[in-house]
Amino acid sequence: MATHAVVDSGAARQYIVVMDPGDSALDELLAFAREHRLRTASFTAIGGFSDCTLAFYDVEAKQYVDNPVGQQSEVVSLTGNVVRTEEGDWQVHAHAVVALRDGATRGGHLRRAVVRPKLEAVVTETTHRLTRRFDPDSGLALIDLGSGDATVDPDPLRHGLAP
């Protein structure tokens, strides 16, 4: 089970979330967002995964192509954001670079990750509430900085976003 601490920095609030072996990184970040009712947040993390699936977005096909990494890896970089949906739930969007035992790296959109031994994330909540709007041209749910109601694709998993 993930643990966390609050680091108050004025307008933005920071949290430290430390995940344990066997935790699902995306599920823990989503649960954390729900528990703390985050407005909009970004995060960075380092640590390790025993298994993960990265993906590459094929712009022409408008779909992700999975690239499983079925071995222990070092999380060199994990970055992403958490935003609210029009319905009020949260969505986690993350990209990762992992290093393998021989030093080779793999990167892409993070679809799934099992923590081992730990994952240390710094989550920074902003004062603004952003939502995602489905963009039919790209086939992606993108952050909408404009005004108006957000339109969310009915299938967020299609975009690799946690529900």
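Data block above holds the structure.
Sequence order sets the numbering: in each chain, residues are counted from 1 along the sequence as written. Reporting of local features is limited, given that this is a predicted model, to residues whose pLDDT is at least 70; pairs of side-chain atoms are given and counted only at 80 or more, and all residues count toward the totals for whole chains, interfaces and linings. Working from all heavy atoms in the structure, the side-chain values ignore hydrogens and water.

Section: the overall build of the protein
Part 1 of the reasoning: Helix and strand definitions follow DSSP, with helices as H or I runs of at least four residues and strands as E runs of at least two, each counted in order from the N terminus. Within the protein one finds one helix and nine strands.
Part 2 of the reasoning: Going residue by residue from the N terminus, the α and β elements of the protein occur as β-β-α-β-β-β-β-β-β-β.
Part 3 of the reasoning: Between buried and exposed lies partly exposed: a residue is buried under 20% and exposed over 50% of the maximum accessible area for its type, with that area taken using a 1.4 Å probe on protein chains only. When each of the 163 residues of the protein is scored for burial, the buried share is 44%.
Part 4 of the reasoning: Every residue pair with non-hydrogen atoms within 4.5 Å of one another is taken to be in contact. Residue pairs at least 24 apart in sequence account for 64% of intrachain contacts in the protein once pairs closer than 6 positions are excluded.
Part 5 of the reasoning: Shrake-Rupley sampling with a 1.4 Å probe provides the accessible areas, and residues are treated as covered by the protein chains on show and by no other component. By element, 53% of the accessible surface of the protein is carried by carbon and sulfur atoms, the whole surface being about 8400 Å².

Things to note about helix α1 (residues 25-36)
Part 1 of the reasoning: Taking 1.5 Å of rise per residue, the 12 residues of α1 would be expected to cover 16 Å, and the 17 Å separating its terminal C-alpha atoms lies within 8% of that figure.
Part 2 of the reasoning: Three or more residues of α1 are buried, namely A25, L26, E28, L29, L30, F32 and A33.
Part 3 of the reasoning: Just downstream of α1 lies R37, where phi reads positive at about 50 degrees. Residue count minus one, scaled by 1.5 Å, sets the expected span of a helix.

Notes on the pairing of strand β5 (residues 73-84)
Part 1 of the reasoning: Two strands are said to pair when DSSP picks up at least two bridges between them. Note: strand β3 (residues 40-58) against β5, eight bridges, orientation antiparallel. Looking at the pairing, A45 lines up with L78 of β5.
Part 2 of the reasoning: With 10 bridges connecting them, β5 and strand β6 (residues 90-99) associate as antiparallel partners. In the strand pairing of β6, V83 is matched with Q91.

Details of the pattern of salt bridges
Part 1 of the reasoning: In what follows, salt bridge is the name for a side-chain nitrogen of Lys or Arg lying within 4 Å of a carboxyl oxygen of Asp or Glu. Counted by the stated rule, this structure contains six salt bridges.
Part 2 of the reasoning: The partner of E125 in a salt bridge is R13, with the nearest N and O atoms 3.7 Å apart. Note that E125 is positioned in strand β7 (residues 105-126) and R13 in strand β2 (residues 12-19), a separation of 112 residues in sequence.
Part 3 of the reasoning: Here R39 ties to E125 by a salt bridge, and the two come within 3.8 Å at their closest N and O atoms. Separated by 86 residues along the polypeptide, R39 in the loop between α1 and β3 and E125 in strand β7 bring together distant segments of the chain.
Part 4 of the reasoning: Assessed through its relative accessible area of 30%, R39 is described here as partly exposed.
Part 5 of the reasoning: What you see here is one network of salt bridges that share partners, running through R13, R39 and E125.

Here we look at the packing of aromatic side chains
Part 1 of the reasoning: Only Phe, Tyr and Trp rings take part, Trp by its six-membered ring, and two of them pair if their centres are within 6.5 Å. Stacked means planes under 30 degrees apart, edge-to-face means over 60, and tilted covers everything else. For the coordinates displayed, the defined rule picks out two aromatic pairs.
Part 2 of the reasoning: Aromatic pair Y15 and F32: ring centres 5.0 Å apart, planes at 80 degrees, arrangement edge-to-face. Of the two residues, Y15 sits in strand β2 while F32 sits in helix α1, which places them 17 residues apart along the sequence.
Part 3 of the reasoning: We classify Y15 as buried; its relative accessible area is 2%.

Describing the pairing of strand β9 (residues 140-144)
Part 1 of the reasoning: Of the strand pairs in this sheet, strand β8 (residues 131-135) and β9 are connected by five bridges, and their pairing is antiparallel. Its bridge partner being in β9, R133 is matched across the sheet by L142.
Part 2 of the reasoning: Connecting the antiparallel pair β8 and β9 is a turn made up of four residues, with G139 showing a positive phi of about 80 degrees.

Observations concerning the nonpolar core
As a rule of thumb, soluble globular proteins bury nonpolar side chains together.
Part 1 of the reasoning: Core analysis: the biggest nonpolar cluster contains 33 residues, and F49, L78, L110, L119 and V123 have the highest contact counts within it.
Part 2 of the reasoning: Only β2, α1, β3, β5, β6 and β7 provide two or more residues apiece to this core.
Part 3 of the reasoning: Setting aside its immediate chain neighbours within four residues, L78 contacts F43, T44, A45, F49, A94, H95, A96, L110 and L119. Nine residue types can take part in a nonpolar core, namely buried Ala, Val, Leu, Ile, Met, Phe, Trp, Tyr and Cys, and a core is a set of them joined through side-chain atoms within 4.5 Å.

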